[in-house]
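The residues making up each chain are set out below.
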Amino acid sequence: MEKMEIKSFTLAQLREEMGRLGEKPFRAAQLYEWMHGKLARGYEEMSNIPAAMKVKCGESYSYTALKTVQVQESAVDGTKKFLFALSDGNLVESVWMRYRHGNSVCISSQVGCRMGCRFCASTLDGLVRNLTPAEMLDQIYAITLETGERVSNVVVMGSGEPLDNYENLLRFITLLTDENGLHISQRNVTVSTCGIVPEMRRLAQEKLQITLALSLHAATDEKRRQLMPIANQYTLKELIACCAYYFEQTGRRITFEYSLVRDVNDTKRDAQTLAALIRGLNCHVNLIPVNPVRERAFVQSKQRAVEAFAALLQKEGINATIRREMGRDIDGACGQLRRRYMDNSSAVICKTDES
Ligand code: SAH
């Protein structure tokens with residue numbers, strides 16, 4: 001049987017595990033502090049843990065420590081893109097961005113993705129596997145160690161559909177926001193979904209203070225179905241009702257992500273339809289000029305069309321911003337660095353909620 005990862009246990013679970021190994025409960029807190037507070041890369045760093053206990057832990061659990069395969073740094077804005085190898089050799093990517101109000105990391109939640117969005121590189125080869133809580137956390141830990149700077153914001157907007165990996169995502173959030181770990185505030189965590197309605201409802205009921213970002217990308221069912229297969233399962237009506245429910249349950253404003261594709265969803269009419277669709281909701285719209293993916297034929301909207309789209313939404317009383325693209329010069333984003341590394345091809349941009 002595969003060993004459990006010691007870094008995926010909550011403190012309470014770790015106490016139970018230590019009990020099982022015949023160790024004293026205070027050892028759990030010590031271990032936890034090494035793993036999630038001091039970000040130890042292995043047992044050898046843990047100076048106050050007895051050697052025999054380290055051996056026992058090593059025999060009983062695996063210790064996640066991602067290997068950095070590649071780091072690219074943007075000469076324009078200092079954004080860094082990391083490619084990490086997991087213990088089974090799979091690759092994931094994460095992006096580190098520096099903002100005036102703190103550092104933000106965009107992490108992956110799965111290797112590959114099975115959602116099939118037409119413009120997205122992460123999904124081209126389907127889903128390989130879910131990431132564990134420890135593997136999600138370790139992207140942030142590795143980046144903190146590499147940059148030597150504290151991370152204050154985390155966005156789950158890299159490769160993968162986080163709500164397709166629900167249990168692991170929730171454990172990850174618990175560990176990330178835990179006061180004995182990095183203690184990142186829930187309000188500084190954003191989870192982006194393509195819109196799996198039942199999982200969004202389930203998440204609403206957790207009553208977390210995280211931000212939910214919904215990848216909308218179209219304002220009619222017909223258009224959305226052309227871009228995102230998930231739209232065949234849930235209508236916009238269901239989706240918008242679900243967003244209202246999320247706000248009702250959590251008091252958190254929804255972020256809508258809307259990638260602008262030239263002549264597909266970027267016209268004045270599209271903006272008006274979008275405004276009508278979301279009017280009255282407590283929300284914010286992030287407009288992102290689509291990043292062309294080599295394997296797909298989508299073309300980025302002209303700057304003028306992007307600005308006109310934003311202006312029209314604002315005129316309709318809808319809070320909208322154009323997302324600043326970070327790391328443009330380093331193949332900034334989700335799913336593409338991994339592909340490029342694997343087949344030596346090309347890339348995108350990773351986005352956060354805060355441009
Ligand atoms: N599966 C989640 C999170 C990962 S993708 C989701 O769908 O939200 C993060 C965001 O990047 C999503 O809004 C996604 O639609 C968008 N995206 C993916 N590829 C893109 C591209 N080539 N150009 C612009 N945005 C893209």
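Residues numbered from 1 in each chain as written. Predicted model: local features only at pLDDT ≥ 70, side-chain atom pairs only at ≥ 80, totals over all residues. Heavy atoms only, no water.

Strand order in this open sheet of 10 strands is E3-E4-E5-E6-E9-E10-E11-E12-E13-E14, and the pairing throughout is mixed. In this open sheet, the two strands that pair with only one neighbour each are strand E3 (67-73) and strand E14 (320-322). Between one strand axis and the next, the sheet turns through 20° on average, direction left out of account. Sheet strands in contact with helix H8 (residues 236-250) are strand E11 (211-215) and strand E12 (254-260), and its direction is about 145° off that of E12. (Pairing = 2+ DSSP bridges. Helix = DSSP H or I, 4+ residues; strand = E, 2+ residues; numbered from the N terminus. Axes fitted to C-alpha atoms, helices over the stretch in contact; angles between N-to-C directions. Contact = heavy atoms within 4.5 Å.)

On to the pairing of strand E13 (residues 283-289). Counting buried residues in E13 gives seven out of seven residues, a clear majority hidden from the surface. Along E13, one buried face is formed by Cys283, Val285, Leu287 and Pro289 and the opposite face, lined by His284, Asn286 and Ile288, is buried too. Bridge count between E12 and E13: seven bridges; the pairing is parallel. Paired with phenylalanine 256 across the strands is valine 285, a residue of E13. Note on the crossover from E12 through helix H9 (residues 268-278) to E13: the handedness is right-handed. (Buried < 20%, exposed > 50% of the residue type's maximum accessible area, 1.4 Å probe, protein only. Right-handed = clockwise from strand over helix to strand, strands pointing away.)

Here the focus is the pattern of salt bridges. Scanning all chains against the criterion turns up 14 salt bridges. One salt bridge connects arginine 41 with aspartate 138, and the closest N-O pair in it is separated by 3.7 Å. With arginine 41 in the loop between helix H2 (25-37) and helix H3 (51-60) and aspartate 138 in helix H4 (residues 133-147), this pair connects stretches of sequence that are 97 residues apart. On the accessibility criterion, arginine 41 (29% relative accessible area) is partly exposed. Given the relative accessible area of 0%, aspartate 138 is considered buried. A salt bridge links glutamate 149 to arginine 98, with the shortest nitrogen-to-oxygen separation between them at 2.4 Å. One end of the pair, glutamate 149, is in the loop between H4 and strand E9 (153-156); the other, arginine 98, is in strand E5 (residues 91-99), with 51 residues separating them in the sequence. Shared partners join several salt bridges into a network, and the residues in it are Lys7, Arg41 and Asp138. (Salt bridge = Lys/Arg side-chain N within 4 Å of Asp/Glu carboxyl O.)

A separate point is the pairing of strand E4 (residues 80-85). Counting buried residues along E4, six of its six residues qualify, which places the element largely inside the surrounding structure. Here E4 shows two buried faces, one formed by Lys80, Phe82 and Phe84 and the other by Lys81, Leu83 and Ala85. Where E3 lies against E4, six bridges are found, and the strand directions are antiparallel. Bridging from a neighbouring strand, glutamine 70 pairs with leucine 83 of E4. Between the end of E3 and the start of E4, which pair antiparallel, lie six residues, with glycine 78 showing a positive phi angle near 80°. The pairing of E4 with E5 spans six bridges and is classified as antiparallel. In the sheet register, leucine 83 faces E5, and the bridge partner there is glutamate 93. Connecting E4 to the antiparallel partner E5 that follows it, the hairpin turn spans five residues, and glycine 89 within it adopts a positive phi of roughly 90°.

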